[in-house]
Amino acid sequence: MSRIVDTFDRLRREHRGGLVTYVTAGDPDARTSARILVSLARGGADILEVGVPFSDPLADGPVIQRATERALAGGMTLRGTLDVVRAVRREVQTPIVLFTYANPVLRMDPAVFAREARDAGVDGVLMLDYPVEEAEPLRAPIVAAGLDPIFLISPTTTDGRIRRSGELGAGFLYVISRLGVTGARDALGDDIKGLIARVRAQSSLPVAVGFGISSPEQVAKACASADAAVVGSALVSVIAEHGATADVAERAGEYVRWLKSAV
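Rules behind the numbers
- Residues numbered from 1 in each chain as written.
- Predicted model: local features only at pLDDT ≥ 70, side-chain atom pairs only at ≥ 80, totals over all residues.
- Heavy atoms only, no water.
- Salt bridge = Lys/Arg side-chain N within 4 Å of Asp/Glu carboxyl O.
- Helix = DSSP H or I, 4+ residues; strand = E, 2+ residues; numbered from the N terminus.
- Buried < 20%, exposed > 50% of the residue type's maximum accessible area, 1.4 Å probe, protein only.
- Arc of directions from axis to C-beta.
- Contact = heavy atoms within 4.5 Å.
- Axes fitted to C-alpha atoms, helices over the stretch in contact; angles between N-to-C directions.
- Parallel < 35°, antiparallel > 145°, perpendicular 65-115°, else oblique.
- Nonpolar A, V, L, I, M, F, W, Y, C, P; charged D, E, K, R; others polar.
- 1 Å grid on protein atoms, 1.4 Å probe; cavity = no way out; pocket = protein on both sides within 12 Å on 5 of 7 lines; lining within 4 Å.
- Points joined across faces, edges and corners; volume = space filled by probe spheres on them.

Caption draft 1: Structural detail: the pattern of salt bridges. For the coordinates displayed, the defined rule picks out 20 salt bridges. Note that Arg 16 is salt-bridged to Asp 46, the shortest N-O span being 3.3 Å. Taken together, the residues span a long stretch of sequence, with Arg 16 in the loop between α1 (3–14) and β1 (18–24) and Asp 46 in the loop between α2 (30–43) and β2 (47–51) at a distance of 30 residues. Under the relative-accessibility criterion, Asp 46 is labelled buried at 6%. The shortest N-O distance in the salt bridge between Asp 46 and Lys 260 comes to 3.0 Å. Placement of the pair is Asp 46 in the loop between α2 and β2 and Lys 260 in helix α12 (residues 248–260), with a sequence separation of 214 residues.

Caption draft 2: Structural context of helix α9 (residues 192–202). Those residues of α9 not exposed but buried are Ile 192, Leu 195, Ile 196 and Val 199. The buried residues of α9 occupy an angular sector of 95 degrees when the element is viewed end-on, so they sit on one face. Along α9, exposed side chains directed more than 90 degrees from the buried face belong to Lys 193 and Ala 201. Residues of α9 that are buried make contact with β6 (152–153), α8 (159–168), β7 (173–176), β8 (207–210) and α10 (216–223).

Caption draft 3: Spatial organisation of the packing of helix α4 (residues 78–89) against helix α6 (residues 110–120). The contact between α4 and α6 brings their axes to 8 Å, and the two run at 25 degrees. As judged from the angle between their axes, α4 and α6 are roughly parallel. Listed contacts from α6 to Leu 78, Arg 79, Leu 82, Val 85, Arg 86 and Arg 89 of α4 are Val 112, Phe 113, Glu 116, Ala 117 and Ala 120. Partitioning the contact of α4 with α6 into residue classes produces seven nonpolar, no polar and four charged.

Caption draft 4: View of the layout of surface pockets. Taken as a whole, the second largest pocket spans an internal volume of roughly 280 Å³. Put simply, the parts of the chain that give the lining of the second largest pocket at least two residues each are α4 and α5 (102–108). At four residues, the largest contribution of residues to the lining of the second largest pocket is made by α5. Along the lines of polarity and charge, the residues of the lining of the second largest pocket split into eight nonpolar, three polar and two charged.

Caption draft 5: Representation of the environment of Arg 163 in the model. Here Arg 163 is to be found in helix α8. Look at Arg 163 and you get partly exposed, because its relative accessible area is 39%. Considered as a pair, Arg 163 and Ala 201 are 38 residues apart in the sequence and their alpha carbons are 8.6 Å apart.

What follows is the structure, encoded as structure tokens:
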């Protein structure tokens, strides 16, 4: 059983929602991003999402795009991201999910990537731009390495594709609350409860909701119907604001504790 499965089982037993946090590896630099991830875990993050910087982040809004640009300018790569994960894994046992586009994985070789990710301490992989119908060549090495393949569900995903994502996926399904790119919003999507109900009708996997969450109130609203809330752009903004300071990791941890106050 994976750390991700164990985490959602624990959350269920404790009758509370979880918090998934996203940061871009290498922002503001490799050593600091490792410190930030450790601080997030110690601040209460239930799952750590680590973004692999990529030159064409089509699903990301301006905040994460700028973080990606900073990381790439600093020399961060997929292997560098795995080094960051390795450093974090020495400090904490919180589940770690790699959030990546397919190109860096294909360039490394999917089988090599899966083995190196497992050895670094990764627990799951979410590849943003591989559709479930074409997933098997990239999914198979991930499963063979004992990692959880995680799929995205959007408001326009059909019931058939939700069902297939649940069949091929493991750990949890990542439901995006609205169409468009990542970025903090004042409110969640209008029909988030209906979307989650539709997902639950097709799959028994836990559901994490993201895209636009930035406050304890939004975390609580998401966790009223989902198993966890995902916070990305708002946290990356905190890192961008304090990235040049010595206490950026502590600031990020404080932000997570504030978000966790809702659940």
